[in-house]
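Spelled out, the chains give:
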Amino acid sequence: MKASTVMHRSPTPHRSRRRALAAGASLAAGALLLAGCSTGASSTESTESAAGETVPFKVAMSWISNVEYGGFWLAAANGYYEDEGLEVEWLPGGPDAPTAESQVAADAADAGITAGMSSAFAAMADDELAVIGSVFQDNPGCFLWLADDPIETPEDLIGKRILAQSEATVEQVLTLNDIPLDQVTIIPTGFDPAPLVNGDGDVYTAYSTNQPITLELSFDLEPGNDFGCTLSGDLGAPAYASSIFAKDTALEENRDLYLKFLRASIKGWEDFLADPASGAELAVNDFGADLGLDLEQQTLSGEAFAELMESPTTDEHGLLYMDVDRVETEMYPAMEASGITDLPPVADAVDLSLLDEIAAE
């Protein structure tokens, strides 16, 4: 199998983007209503807003308030949540924050957004959770390489010195492809891809939405000519990312609230797909204003995230939709290879009935 490579450039259809490494109408972000920035109480209470009565709805994020949540920011800023009668409070994640899964399990949040699938599905062994949609059809985890030593198939990893932010990622791909671990040399490394450029290793585990942009902005390397990035999913370890999940009981008791949240979120992500730069502007200037985010980096990162949003499944069913057969036949084996056990039946773990209901409206 020859893997495709991804990069954060041309807004061509997703199939073209995924087949090759691409090179590279702004929505007005002017006077935006930041309805989603406010704090609120539990979902059982209601508060008054300028538009009328709204219901607080808390969402726990897995990471800091950056462009990877750009569609949610646009849904809030453009009033889509307010139109649905929701006052959304965002609970940012990060190194020192509790996980989104733990906050949902403890009823500190109504819904959570996980970075990758594994954390939410692993939590299902102890808590009654369900995934109700995923923003990104592919996880941005990738293997970053320089043009003179490309990684296009799993076998290309054999004999390589792999600069690994996470050894588990490397072990997962090798295990799924029946490649003995002793066929590679794993070198622990950090978030900076400089060791790859300096020749300290042959390939670097990265995120297609982050380190490739560093190579471009900080090292003046050209995507497609000087380097490439092959998704882990294309090397046999696929996963959804930014999956939205909630407690089973909450979905049963407050189904209408989750329909409202998903309905508004879809509109925001449609806006983001049309113009990722608008989501980047909101991340830098509003929702992540205290984080010192760089607009150019966030804009390029937003373009890279947009490239992960579409698939044949979303073509047929719309944004956020998931392929449950792919979860069972491809993603479950990948999670098991990473050591996650006690995975629930897919029918219990993924609930797409809300998205089906919205599509039928």
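In what follows, the structure referred to is the one given above.
A brief report on the enclosed structure follows. As the structure is a prediction and not an experimental result, all values here were calculated from the model. (Residues numbered from 1 in each chain as written. Predicted model: local features only at pLDDT ≥ 70, side-chain atom pairs only at ≥ 80, totals over all residues. Heavy atoms only, no water.)

For the protein, the helix and strand inventory stands at 16 helices and 11 strands. Carbon and sulfur atoms form 48% of the exposed surface of the protein, whose accessible area is close to 14800 Å². (Helix = DSSP H or I, 4+ residues; strand = E, 2+ residues; numbered from the N terminus. Areas by Shrake-Rupley, 256 points an atom, 1.4 Å probe, with all protein chains shown as cover.)

Our focus in this paragraph is helix H12 (residues 295-306). Taking 1.5 Å of rise per residue, the 12 residues of H12 would be expected to cover 16 Å, and the 16 Å separating its terminal C-alpha atoms lies within 8% of that figure. What H12 keeps buried is the set Gln298, Thr299, Leu300, Ser301, Gly302, Ala304, Phe305 and Ala306. Sitting at the amino-terminal end of H12 is aspartate 294, which places a side-chain oxygen 3.2 Å from the backbone nitrogen of glutamate 296. (Expected span 1.5 Å × (residues − 1). Buried < 20%, exposed > 50% of the residue type's maximum accessible area, 1.4 Å probe, protein only. Polar contact = N/O pair within 3.5 Å; in protein donor to acceptor, adjacent residues only side chain to side chain.)

This part takes up the sheet that holds strand S7 (residues 161-164). Working definition: the strands of a sheet are paired by backbone hydrogen bonds and lie parallel or antiparallel to each other. In spatial order, the strands read S8-S7-S9-S6-S10; together these 5 strands make up an open sheet with mixed pairing. A strand with exactly one partner marks an edge of an open sheet, and here the two such strands are strand S8 (185-188) and strand S10 (227-231). Within the sheet, the average angular offset between the axes of one strand and its neighbour, ignoring direction, is 30°. Note that S7 and strand S9 (residues 203-207) share 2 bridges and pair parallel. For isoleucine 162, the partnering residue across the bridge sits in S9 and is valine 203. (Pairing = 2+ DSSP bridges. Axes fitted to C-alpha atoms, helices over the stretch in contact; angles between N-to-C directions.)

Counting buried residues along strand S4 (residues 111-116), 5 of its 6 residues qualify, which places the element largely inside the surrounding structure. As judged from the 4 bridges shared by S4 and strand S11 (residues 241-247), these two strands associate in the antiparallel manner. Across the sheet, residue glycine 112 finds its bridge partner in S11, namely phenylalanine 245.

Here we take up the packing of helix H6 (residues 167-176) against helix H14 (residues 324-337). Viewed as axis vectors pointing N to C, H6 and H14 meet at an angle of 120°, and their least axial separation amounts to 9 Å. Of the possible angle classes, the one that applies to H6 and H14 is oblique. Crossing of H6 over H14 shows right-handed handedness. Along its contact with H6, which presents Gln172, Thr175 and Leu176, the element H14 presents Pro333, Ala334, Met335 and Ala337. (Parallel < 35°, antiparallel > 145°, perpendicular 65-115°, else oblique. Left-handed = near helix turned anticlockwise from the far one by under 90°. Contact = heavy atoms within 4.5 Å.)

This next bit is on H14. With 14 residues, H14 extends 19 Å from end C-alpha to end C-alpha; this agrees with the ideal 20 Å at 1.5 Å per step. At methionine 331, H14 shows its largest kink, close to 40°, and the proline proline 333 lies no more than four residues downstream. Along H14, the residues that are buried comprise Arg326, Val327, Met331, Tyr332, Ala334 and Met335. Where H14 is buried, its residues touch helix H5 (117-123), H6 and helix H15 (346-349). At the N-terminal end of H14, a side-chain oxygen is found 3.0 Å from the backbone nitrogen of aspartate 325, two or three residues along, and the residue is aspartate 323. Where H14 terminates, the next one or two residues include glycine 339, which has phi positive at roughly 100°. (Bend = angle between axes of the 7 residues up to and from the residue.)

The pairing of S7 with S8 spans 4 bridges and is classified as parallel. The residue bridging isoleucine 162 from the neighbouring strand is isoleucine 186, located in S8. Running through H6, the crossover from S7 to the neighbouring parallel element S8 is right-handed. (Right-handed = clockwise from strand over helix to strand, strands pointing away.)

This part covers the state of the cysteines. In this structure the tally under the stated criterion is 1 disulfide. Note that cysteine 142 is cross-linked by a disulfide to cysteine 229, the S-S spacing being 1.9 Å. In this pair, cysteine 142 sits in strand S6 (residues 141-146) while cysteine 229 sits in strand S10, placing the two residues 87 residues apart along the sequence. An identical accessibility class is assigned to cysteine 142 and cysteine 229; each is buried. (Disulfide = S-S within 2.5 Å.)

Before going further, it helps to examine the environment of serine 166. Relative to the helices and strands, serine 166 resides in the loop between S7 and H6. Counting along the chain gives 23 residues from serine 166 to threonine 189, while the straight-line C-alpha distance between them is 8.2 Å.

If you walk through the whole model with that rule in mind, you get 15 aromatic pairs. Each ring, one from phenylalanine 72 and one from tryptophan 269, has its centre 5.3 Å from the other, and the planes form 85°; the classification is edge-to-face. Pair noted here: phenylalanine 72 is in helix H2 (residues 70-77) and tryptophan 269 is in helix H10 (residues 255-274), with a separation of 197 residues, a long-range link. The pair formed by phenylalanine 72 and tryptophan 269 is uniform in burial state, with each residue classed as buried. The ring of tyrosine 80 has lysine 267 sitting right over it, with the charged end atom 6.0 Å from the ring centre. Taking NZ or CZ as reference, arginine 326 lies 6.0 Å from the ring centre of tyrosine 240, over its face. (Phe/Tyr/Trp six-rings, centres within 6.5 Å; stacked < 30°, edge-to-face > 60°. Lys NZ or Arg CZ within 6 Å of the ring centre and 35° of its normal.)

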